[in-house]
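# Chains, contacts and geometry: an overview
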Amino acid sequence: MFRLLLVSQLVAISVTKCPPRPLCPSGWSYSAEVNSCFKIVSKDGGIDSDSATALCKEAGGQLASIHSAEENNVIIDLANTGRNVTTGYHTLVGGVRKAGASLKEFTWTDGSPYDFQFWHSPQQPDNRAGIQNCLQIYTSNQAAYPSAFTRWDDAECNAKFINAVCKISLGQAPCPVGWTYQQAFKSCYKSIDSVTFVEANAQCKGMGSQLASVHSNEENAFIIEFTKLGRNISDYEAQPLLGGMRTGTGAKDWTWTDGTPFDYLNWVDGEPNNAGGKESCLQVYTDRWGLGPFRAAPPGALNYLNRWNDYPCDVKYRIALCKQPAK
Ligand SMILES: [Ca+2]
Ligand SMILES: [Ca+2]
């Protein structure tokens, strides 16, 4: 009876669980690369700047600003109609030359900084005939516009563009794409596979990060969940590498490669033992030792799990963890 009741409660919990809240309003596309929502607007016969501005506002956004090559690519992918555009008017975004501004001085209408440019030639923007105060991107008919395709041009604001791009910026993403954000530790984490300490250190640095440091039981627990294999193992190298480095003989004579203080310790009893005088790196026992043929269980086998061991730096670890501060 008790068991039946428990099962029905579990089912009730699983079906009432809420789906994740969408990041963008309905009808908008989310881009994780730039943490923004985009929407393409158009009208029969083409759309001018005033109409596009109004449609974007109505939908809860503004004409798009562009701040990186990645964002330009996101917009091209969304706005390219594949049509054979012959008028020279392509996709309108939110760049304008305000009254009184110099020839090359553009402003984004959403107020964000003009910190990236992708004009299609050194001659652009050229304000041809003195009437080109809006910014368009060549998004379609690559065959007809091979050198300008994906790039920018100033054009008449009242031209009939094939479409326009609206944007809602969700603010700066806390972590780069592909990293896992942990608000509690104000940090981003990413694992890498099959690395020695030297390789892991270089790969983390190459991504603008460092091998992971640990500063609390809570962070240690997160790291275990993030890196564990989830089955019994029989080999030390399967236990993850972190960013600890020996500086002396004591348990506290260690440093983190990211430069943060070595202010939290979680060594297994009897560690760090510097076995053979060559254990200058730090690993965490995320997984239980099985009855493998190759290795004995470490000393203190009942309480090693989730704690740290010093181990040689030059072995190939199954996994290592990179970490960087969240933005
Ligand atoms: Ca122009
Ligand atoms: Ca050891």
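The model shown is predicted, which means the values in this text are computed figures rather than measured ones. (Residues numbered from 1 in each chain as written. Chains lettered and ligands numbered in written order. Predicted model: local features only at pLDDT ≥ 70, side-chain atom pairs only at ≥ 80, totals over all residues.)

This part is about the environment of Cys-204. Structurally, the position occupied by Cys-204 is in helix α4 (residues 197–206). Since 24 C-beta atoms lie within 10 Å of it, Cys-204 is described here as buried. Residues Cys-204 and Ser-191 lie 13 residues apart in sequence; the distance between their C-alpha atoms is 9.1 Å. Apart from the residues lying within four places of it in its own chain, the contact partners of Cys-204 are Ser-209, Gln-210, Leu-211 and Cys-322. (Helix = DSSP H or I, 4+ residues; strand = E, 2+ residues; numbered from the N terminus. Buried ≥ 20, exposed ≤ 12 C-beta atoms within 10 Å, placed from the backbone. Contact = placed C-beta atoms within 7 Å.)

So, about helix α2 (residues 49–58). Here α2 has its buried residues at Ser-49, Ala-52, Thr-53 and Cys-56. Here the buried residues of α2 occupy an arc of 100° about the axis, which is enough to place them on one side. Exposed and facing more than 90 degrees away from the buried side of α2 are Asp-50, Ala-54 and Glu-58. Residues of α2 that are buried in the fold lie against β2 (36–41), β3 (62–63), β4 (91–96), β6 (134–137) and β8 (163–169). Positioned one or two residues after α2, Gly-60 has a phi angle of 95°, which is positive. (Arc of directions from axis to C-beta.)

This part is about helix α3 (residues 69–79). Residues of α3 that are buried: Glu-71, Asn-72, Val-74, Ile-75 and Ala-79. Down the axis of α3, the buried side of the element spans an arc of 160°, and every buried residue falls inside it. Across from the buried face of α3, at angles greater than 90 degrees, the exposed residues are Ala-69 and Asp-77. Check the buried side of α3 and you find it contacts β1 (29–31), β2, β4, β6 and β8.

Strand β16 (residues 317–325) sits mainly inside the fold: seven of its nine residues count as buried. In this structure, strand β10 (residues 187–195) lies alongside β16, joined through eight bridges in antiparallel fashion. Residue pairing in the sheet places Val-195 in a bridge with Tyr-317 of β16. Pairing of strand β11 (residues 210–211) with β16, which is carried by two bridges, proceeds in the antiparallel orientation. Bridge pairing in β16 links Gln-210 to Lys-323. (Pairing = 2+ DSSP bridges.)

On to the environment of Asp-253. For Asp-253, the position within the fold is in the loop between β12 (241–246) and β13 (254–256). Using a count of 11 C-beta atoms within 10 Å as the deciding quantity, one classes Asp-253 as exposed. Sequence separation between Asp-253 and Pro-272 is 19 residues, and the spatial gap between their C-alpha atoms is 10.0 Å. Those residues within four positions of Asp-253 in sequence are excluded, and the remaining contacts are Arg-246, Thr-247 and Gly-248.

Looking now at the pairing of β6. Neither face of β6 is open: one carries Cys-134 and Gln-136, the other Leu-135 and Ile-137, and all of them are buried. Note that β4 and β6 share four bridges and pair antiparallel. Residue pairing in the sheet places Leu-92 in a bridge with Gln-136 of β6. As judged from the four bridges shared by β6 and strand β7 (residues 152–155), these two strands associate in the antiparallel manner. Residue Gln-136 lies in a different strand from β7, and its bridge partner there is Asp-153.

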